[in-house]
Structure formats: C-alpha cells, structure tokens
Amino acid sequence: MAYKLWYWPSIQGRGEFVRLALEGAEIAYEDCARGVGEEGLMTDLNDRTGRTPFAPPYLELDGLVIAQVANILMYLGERHGLAPSNMADRLWLNQLQLTIADLVAEVHNVHHPVAMMDYYDDQKPEAERAAKQFREERMPKYFGHFEDAAQANPGDWLIDHKWTYADTSLFQVIEGLRYMFPKRMKTLEPDYPTLIRIHDQVAELPGIKAYFKSDRRLAFNTDGIFRAYPELDAE
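Nothing here was measured: the structure is a model prediction, and the numbers come from that model.

Some thoughts on the overall build of the chain
A count of helical and extended segments in the chain gives nine helices and four strands. Listed N to C, the secondary structure of the chain is β-α-β-α-β-β-α-α-α-α-α-α-α in terms of helices and strands. Relative to the 2.2 N^0.38 estimate, which gives 18 Å for 235 residues, the radius of gyration of the chain is 18 Å and therefore close to what a compact globule would have. Summarising its shape, the C-alpha atoms of the chain cover approximately 50 × 45 × 35 Å along the three principal directions. Each of the 235 residues in the chain was classed as buried or not, and the buried ones make up 52%. Here the contacts in the chain between residues at least 6 apart in sequence split such that 72% fall between residues at least 24 apart. A total of about 11,600 Å² of accessible surface is found on the chain, and carbon and sulfur atoms cover 50% of it. Put simply, the chain has 25 plus and 37 minus side-chain charges, and the middle of one group is 2 Å from the middle of the other.

Thoughts on the sheet that holds strand S3 (residues 58-61)
Spatially, the four strands line up as an open sheet ordered S2-S1-S3-S4, and their pairing is mixed. Both outer strands of the open sheet, strand S2 (29-31) and strand S4 (64-67), are each paired with one neighbouring strand and no more. Sheet twist, expressed as the mean angle between neighbouring strand axes with direction ignored, is 20°. Contacting strand S1 (3-6), S2 and S3, helix H2 (residues 33-46) runs over the sheet at an angle of about 75° to S1. Packed on one face of the sheet, helix H3 (residues 69-80) meets S1, S3 and S4 and runs near 125° to S4.

A closer look at the pattern of salt bridges
If you walk through the whole model with that rule in mind, you get 14 salt bridges. Note that Glu 16 and Arg 217 form a salt bridge whose closest N and O atoms lie 2.6 Å from each other. With a gap of 201 residues between them, Glu 16 in helix H1 (residues 15-24) and Arg 217 in the segment after helix H9 (206-213) connect regions that are remote in the sequence. Each member of the pair, Glu 16 together with Arg 217, is buried. As a salt-bridge pair, Arg 138 and Glu 106 come within 2.8 Å of each other at their nearest N and O atoms. With Arg 138 in helix H5 (residues 124-151) and Glu 106 in helix H4 (residues 87-111), the pair connects residues that are 32 residues apart, well separated along the chain. Residues joined by salt bridges that share partners form a network here, namely Glu 16, Arg 19, Asp 31, Arg 34 and Arg 217.

Structural notes on H5
Between its terminal C-alpha atoms H5 stretches 38 Å, which fits the 40 Å expected from 28 residues at 1.5 Å a residue. Where H5 bends most, the angle comes to about 45°, and this point is Phe 134.

Side note on the pairing of S3
Both faces of S3 are covered, namely the face carrying Tyr 58 and Glu 60 and the face carrying Leu 59 and Leu 61. Pairing between S1 and S3: three bridges, direction antiparallel. Each bridged residue has a counterpart across the sheet, and for Trp 6 the counterpart in S3 is Tyr 58. Bridge count for S3 against S4 is four bridges, and the pairing is antiparallel. Bridging across to S4, Tyr 58 finds its partner in Ala 67.

A closer look at the side chain of Asn 94
Mapped onto the fold, Asn 94 is located in helix H4. Using a relative accessible area of 15% as the deciding quantity, one classes Asn 94 as buried. Other than its neighbours up to four places away in sequence, Asn 94 contacts Ala 70, Met 74 and Tyr 165.

Comments concerning the nonpolar core
Ranked by internal contacts, the top residues of the largest apolar core, which has 63 residues, are Leu 177 and Phe 181. The dominant element in this core, judged by the number of residues it contributes, is H5, at nine residues. Every residue in contact with Leu 177, bar those within four places of it in the chain, is listed here: Val 107, Phe 134, Met 139, Phe 143, Pro 182, Met 185 and Phe 226. The next biggest cluster of nonpolar side chains, apart from the first, holds seven residues, and it includes Cys 32, Leu 41, Leu 45 and Ala 67.

Conventions we followed
The residue count restarts for each chain, going from 1 along the sequence in the order it is written. For this predicted model, a pLDDT threshold of at least 70 governs which residues receive local features, and a threshold of 80 or more governs which side-chain atom pairs are given and counted, while totals over whole chains, interfaces and linings are taken from all residues. The side-chain figures draw on all heavy atoms in the structure; neither hydrogens nor water molecules are used. Put simply, DSSP H or I for four residues or longer makes a helix, DSSP E for two residues or longer makes a strand, and each gets a number counted from the N terminus. Only the C-alpha atoms count toward the radius of gyration. The rule for a globule is 2.2 Å times the residue count to the power 0.38. Each residue gets one of three labels from its accessible area relative to the maximum for its type: buried under 20%, exposed over 50%, partly exposed in between, using a 1.4 Å probe on protein chains only. Should any heavy atoms of two residues lie within 4.5 Å, those residues are counted as being in contact. Surface accessibility in these figures is a Shrake-Rupley result with a 1.4 Å probe; residues are shielded only by whichever protein chains are displayed. Note on charges: Lys and Arg go in the positive column, Asp and Glu in the negative column, and His and the chain ends are not counted at all. A charge is said to be at NZ when it belongs to Lys, at CZ for Arg, at CG for Asp and at CD for Glu. Any two strands with at least two DSSP bridges between them are considered paired. Lines fitted to the C-alpha atoms define the axes, with helices restricted to the stretch that makes contact. Angles between their N-to-C directions range from 0 to 180 degrees. Within this document, salt bridges are pairs made up of a side-chain nitrogen of Lys or Arg and a carboxyl oxygen of Asp or Glu, the two lying within 4 Å of each other. Expected span, for any helix, means 1.5 Å times one less than how many residues it has. Note on bend: at a given residue it equals the angle between the axes fitted to the 7 residues ending there and to the 7 starting there. By nonpolar core is meant a set of buried Ala, Val, Leu, Ile, Met, Phe, Trp, Tyr and Cys residues that side-chain atoms within 4.5 Å join together.

Take it as geometry only, folks, not as evidence of what the structure does.
Here's what the structure looks like:
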C-alpha cells in the first residue's frame, strides 16, 4: 500500500525533504494535495481529531499519521533501510536532520524576519539585514558543521556505507540555497567539497534522476521556503 503524503500542492517547502527520501528509495506514495488542492488539504487536516498534526507535511499509512519532517524521516529510515541499524548512528543521523530543520527555519526567517504572516514587501529593510547576517555568518557555520560530520565518516556518504535520508536532505539544502543565494553559494561551495560531492552523488541516484525528469518535481518559487530575491544576495 502506498503512503499518503499531505503537503501544500504548489511549493516544494518542507514536504520536499520527505519527497526526496521517498523518491530516492523508489517508495510508492500519493502526494494527496496534488489531487484535492489546498482546500482539500485543509479539510483533511481540520477534520482530524485526537493526535493530530500541527501542520503539513504529514504522512499517513494504515491509520498511522506522522508529522514533522525529522520524525517522518526517522520512521522511513528505520522501516526502509534509509538509516543505519546501530542506535548511536540513528540518533546521530536524527540529530543532523534536526539541525537541518533549524537551518530551514532560519532560511524562512531571512525573508520574514519581522512577522511570518506579513508580506515580504512590508519588511524588506529588515530582510536585507537578516540576509546579510545569514549569508556571512550562519551559512558558513552550518556548512562547516555538516562538512565536519561528513568528513568524520570514512565512506562516501554522510554516515555508514550507503545514502540515508540526511544525504537527500543536504542535497535539498544545497539546491535551495543555490536558488536563493546563487552569488553567495558560488563563493562558499569550494570550501565544502565533501558536501558538494554528496550533493552530486544524490543527484545521480536512479530514483532522484527519474523524479527530476517527472512532473512530480515542482520548481522553486517565491512562495516556498527558499526564495530568490536578487536584492538579498551577494558574494
């Protein structure tokens, strides 16, 4: 039986981190809101009772509903071999995924530093300040941490001898930041060769290559988390 993935139908957003793991492992799933739209997504979310998700994305199978990207990926990792079998390694992988979640939250705050529900155009001066700090201080700090983590593994991937959900998540971070800050990424990438190598290996996975050739992969846009505003980018 295929998983049911619930996420906004018009953006990559946080749901893309789940999609990439599913697609890379060639796991069957239905991207439900692509069929029923945003209204159908909100109806499904609001009609739930008990242990309900706070917000999309959430994954459903046989009555089990799992929300939060890191939580979903931890479940998929253990069930489908996308995480190591050793407990210490699984916890380390989850720790890295939670750090990616912190990074994603900071990315969103770049273009909405004052109020999440206000328009970008209403907070552009503050966004320019936030973008400068993020480009100059936060991006190298995060990238340095992930580079060190990858170099600590003797294999070709972030951990163990095969790709995991954290590798596909790092791929999405790099893809998103290339879209959001192309000038800054051009200057930063040479300093983090291991991350770029892992990114390129993910891109060559058969499932990922097929996904990118399909209409299931949405393009980045200025409604998602990674948004390209040229005035916020610099080397």
